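Structural overview for review
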Amino acid sequence: MKQKKLKSTISYVFKSKMLTLVMLLVVVVAVFTIISKGQFVDPKNLRNILQSITLVSLLTIGAGMLMIGGYVDLSLGGTGTMCGLIAAYALRAGAPWYLALIIGLVTGALAGTFNAVLINELKFQPFIATLSTASITQGLGYIVNNGQQIDIDNSVFNFIGTQRIADFVPYSIIISLVLLLIYGVMLKNTKFGRSMYLVGGNPQASLLSGLHPKRVSYILFINAGSLSALAGILLAARLKTANTTGIVNQQFSGMTAAVLGGISFGGGAGGMGGALIGILILNCFNNGMLIVRVTSYWQTVASGALLLIALAIDFLRVSRTKKAS
Amino acid sequence: MQLEFSGVSKAFPGVQALSDISFRAEGGRVLALLGENGAGKSTLLKIMSGDIRADEGSVTLDGQVQSFSSPNDAIKAGISVIYQERQLIPAMSVMENIFAGDLPRTAGVINRQKLKRDAQEVIDKFGLNISPSEPVGRLSVAYQQMVEIMKAYRRGSDVIAFDEPTASLAESEISILFKLIRELRAEGKVIIYVSHRMAEIFQITDDIVVLKDGRTVASFPTAETSEATLIKAMVGRDIGDTYAKLDRNTEYGDTLLEVQNLVTKKVKDVSFTLRRGEIIGFSGLVGAGRTEVVRAIFGADKILSGELILEGKPLKLKAPADAIAAGIALCPEDRKEQGLVLFRSIKENVSIPVLSRIRKLLFLDRKQEAALADNARSKYKISTPSTDKLVVELSGGNQQKVILGRWTSGKLDIKLLILDEPTKGIDVGTKAEIYQMVCDFAKQGIGVIFISSELTEVIGVSDTIYVMHEGKITGNVKRGEATEEGILALAMQS
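Quick notes on the environment of B:Leu488
Relative to the assigned elements, B:Leu488 resides in helix 18 (residues 484-492). It is 39 Å that separates the C-alpha atoms of B:Leu488 and B:Gly410, two residues lying 78 residues apart in sequence.

What follows is the structure, given as structure tokens:
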């Protein structure tokens, strides 16, 4: 009897995505805590982890939602970086903080619209279309200020970018967590959230059942563009300067975290809860390697390996469901 | 030549797919494998083709025990299985596909002239009219299948198995297929033929093995059995004459839909009217434009000219959502590709068109959603322990019922129901259930458009049958006057 219960608990744990993920997170934290002799869970270090989560979360929401809807966007890094530069430029030109913010976000939305038009109207493959947009936005980012960085001297930007509650929790992370919560609730409980899963699962069947896959696609790309703009602007605010590298290197972290969190590239599966844990796993992992002094070259290699593991788990889970059918 | 199965068993988690299957297939004869969905036919084919391994028992070819660890082993041993999903490379030519994996080479370079000659030889052997350099993707489904048969023949396969080869062929194409099969039989090959269609079994096969629940329940020479005996063996009960037993609607209401001079990319000047409570059948060869007509009526294809009038009012459609709002529902031809979101639950598939009607403020009302799905489950007897089950795990018949349940949940006022090949790949028992459902819809005053490639079915179910050929309607016949030959003549315009 007891054994049977244990068995069913184990199979439940293995079947439940969330539990697998939480366990993976616990393992990552435990391993690094042990190796670093406790340095990993030092408050100072936890503060760093929190800080690093902010930007990745925004990119993860955008990229993750696209992936649920069956799309991919490789231009998020370029777009966000360009928007950070444009917002900084607007500030320097004398625009008030809210106007600079709006200009940056609208530019991000426009880049998203551009992608959606390429894909929906001109029928480009998402991969190709967004790869081109990535290059275009990155180029435009250089053009904004001739490839030079633009310093930001604005009290509101500085406050959001650098201040912390009780000198521990950065204000910017509140933005990320609130957004994660809103998007999570929306995905699971609203008609729009549901249509994303359905369109991602089968756009043809969704269309023939009365949904509007094209509309969903526009919204997803515009949403991802705007969120990456927000990420680019927040980074600039934190560094007190917008440069041309911006968030380019972080866009793949966004996708990696989404995949780690159980959002599969095939579309139609995953959610924001998993994504949050994916973000935590990724950032704890990256930070942990820093703490235990793995050289940065090997860190990059290890990040790739982590992504491979995530994909392998996803693949195993999917193939098991398929076999069961 | 002789292929023998003895004591073959195979279990999957939770299911004994095959138990103790034993029978013998002789060279120069066509053996039918008959059984309802889930009877174990596909599993048996997969064992033959080396996709999966049997747990117990053996497969012997000419007295030699075979053991395949991959499909390649089976091909090398001389066994080819031709599946419903074609395993060809669409962008490559006919000759490259026929000789795939074994292209003639001179000094390491492909000898295209020899390739063409050899391919032409095979094509001539079967008396087909296709060019060896034609890309396979441009051929019709029927000819693609011919290419696959030629590929199996070219490999020198001694055993060729067909899995539902006529599922997507029209009647005229079937006769070409049968000619090929007879050629192969004359050469002494062992031929295994899996199909649901009774008429074909009697036309083409010599022996019949009936599977039920993973066991061989009966086997006879085809000449010594009857359809009734076979059905009884397959389902374990007597079905009798399905169509005569249907409880039909006899009273039609006023005009529901008028289609006037409809033109789309693939439809040329189609006009017809449908009354409330009437069932209109559409027959024709695959690609005749039947699906395109209903896609236009459903707002899925662009209408170039012509008019749709529903209940006396002109109908303007930008997207299927508009058609649904006007009371039109479509069960599409390809359930898996166009009908269902396979990796979502039954519940979620049923509620798609009514999501905005089951909201509490901003949020979806899950209780209502569950109630809709439970309603569909009990109304159509969808066999599943829970409506949380993924649709992909259901059988074809149950999947079709989920789509029907989607349109008839009570939240939509459906006036026109379009069914495109609703019984494709569905077993005999469930087919009869679906026919009765169609009649029940008509009784409720719903106008039904019923597309089917199976002549007996379209004649047996519809009140009026429209026949299409190359995008045009070539004639219409009332049920009482319809014959298979008459419809075929209209469909082929010969």
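Here's the deal with the pairing of strand 16 (residues 305-310) of chain B
All names here are of chain B. Looking at chain direction, strand 13 (residues 255-263) and strand 16 are connected through five bridges and run antiparallel. Bridge pairing in strand 16 places Leu 257 opposite Leu 310. For strand 16 and strand 17 (residues 313-314), the ladder comprises two bridges, and the chain directions are antiparallel. Paired with Ile 309 across the strands is Pro 314, a residue of strand 17. As consecutive antiparallel partners, strand 16 and strand 17 are separated by two residues, and within that stretch Glu 311 has a phi angle of approximately 50°, a positive value.

Here's the deal with the packing of helix 14 (residues 366-380) of chain B against helix 15 (residues 396-407) of chain B
All names here are of chain B. At their nearest, the axes of helix 14 and helix 15 sit 9 Å apart, and the two run at 125° to each other. The pairing of helix 14 with helix 15 is recorded here as oblique in orientation. In this structure, helix 14 meets helix 15 at a crossing whose hand is right-handed. On the side of helix 14, the interface is formed by Ala 376, Lys 379 and Tyr 380, while helix 15 contributes Lys 401, Val 402, Leu 404 and Gly 405.

Regarding the domain arrangement of chain B
Residue and element names in this part refer to chain B. Domains assigned within chain B are domain 1 (2-237) and domain 2 (243-492). Taking only C-alpha atoms into account, the centre of domain 1 sits 32 Å from that of domain 2. Each partner contributes residues to the interface: domain 1 has 15 residues there, and domain 2 has 16 residues. Put simply, the parts of the chain that give the side of domain 1 that touches domain 2 at least two residues each are helix 6 (171-186) and helix 8 (227-235). At three residues, helix 8 tops the list of elements feeding residues into the side of domain 1 that touches domain 2. Tallied by class, the residues present in the side of domain 1 that touches domain 2 amount to seven nonpolar, six polar and two charged.

So, helix 15 of chain B
All names here are of chain B. The end-to-end C-alpha distance of helix 15 is 18 Å, a good match for the 16 Å that 12 residues give at a rise of 1.5 Å each. For helix 15, the tally of buried residues reaches 11 of 12 residues, placing the bulk of the element in the interior. Buried residues of helix 15: Gly 397, Asn 398, Gln 399, Gln 400, Lys 401, Val 402, Ile 403, Leu 404, Gly 405, Arg 406 and Trp 407, and no others. Summarising the contacts, the buried residues of helix 15 are in contact with strand 18 (328-331), helix 12 (335-339), helix 13 (346-350), helix 14, strand 21 (416-420) and helix 16 (428-443).

Considerations on the interface of chain B and chain A
Counting from both sides, the interface comprises 26 residues of chain B and, opposite them, 21 residues of chain A. Residue assignment for the side of chain B that touches chain A shows that the elements contributing at least two residues are helix 11 (320-325), helix 12 and strand 20 (363-364) of chain B. Residue composition of the side of chain B that touches chain A, by class: 18 nonpolar, three polar and five charged.

Focus on unusual backbone geometry
One non-glycine residue with positive phi stands out, namely A:Ala166, at about 50°. Residues other than glycine seldom take positive phi values, yet B:Glu470 does so here, at roughly 45°. Within the secondary structure, B:Glu470 is located in the loop between strand 23 (464-469) and strand 24 (472-478).

Focus: the nonpolar core
The nonpolar side chains of a soluble globular protein tend to be buried, and buried together. One finds A:Ala87, B:Ile192, B:Ile418, B:Val438, B:Val448 and B:Phe450 to be the most contacted residues of the largest nonpolar core, which totals 224 residues. Here the element with the most residues in this core is helix 11 (residues 213-239) of chain A; it accounts for 14 residues. Two domains each put at least three residues into this core: domain 1 (2-237) and domain 2 (243-492) of chain B. Contact partners of B:Ile192, with chain neighbours within four places excluded, come to B:Ala25, B:Leu31, B:Leu33, B:Ala161 and B:Phe162.

Remarks on the sheet that holds strand 22 (residues 447-451) of chain B
Residues and elements named next belong to chain B. Taking strand neighbours across the sheet as the criterion, the six strands line up as 18-21-22-15-23-24 in an open arrangement whose pairing is mixed. Looking at strand neighbours, the two that pair on one side only are strand 18 and strand 24, the edges of this open sheet. Taken over all neighbouring pairs, the strand axes of this sheet differ in orientation by 20° on average, direction set aside. In this structure, strand 15 (residues 279-284) lies alongside strand 23, joined through five bridges in parallel fashion. By the bridge assignment for strand 23, Ser 283 is matched with Val 467. Contacts between helix 16 and the sheet are confined to strand 15, strand 21 and strand 22, with strand 22 contributing the most and set at about 155° to the helix.

What counts and how
Residues numbered from 1 in each chain as written. Chains lettered and ligands numbered in written order. Predicted model: local features only at pLDDT ≥ 70, side-chain atom pairs only at ≥ 80, totals over all residues. Helix = DSSP H or I, 4+ residues; strand = E, 2+ residues; numbered from the N terminus. Pairing = 2+ DSSP bridges. Axes fitted to C-alpha atoms, helices over the stretch in contact; angles between N-to-C directions. Parallel < 35°, antiparallel > 145°, perpendicular 65-115°, else oblique. Left-handed = near helix turned anticlockwise from the far one by under 90°. Contact = placed C-beta atoms within 7 Å. Domains from an automatic or database assignment. Nonpolar A, V, L, I, M, F, W, Y, C, P; charged D, E, K, R; others polar. Expected span 1.5 Å × (residues − 1). Buried ≥ 20, exposed ≤ 12 C-beta atoms within 10 Å, placed from the backbone. Core = buried A, V, L, I, M, F, W, Y, C linked by C-beta atoms within 7 Å.

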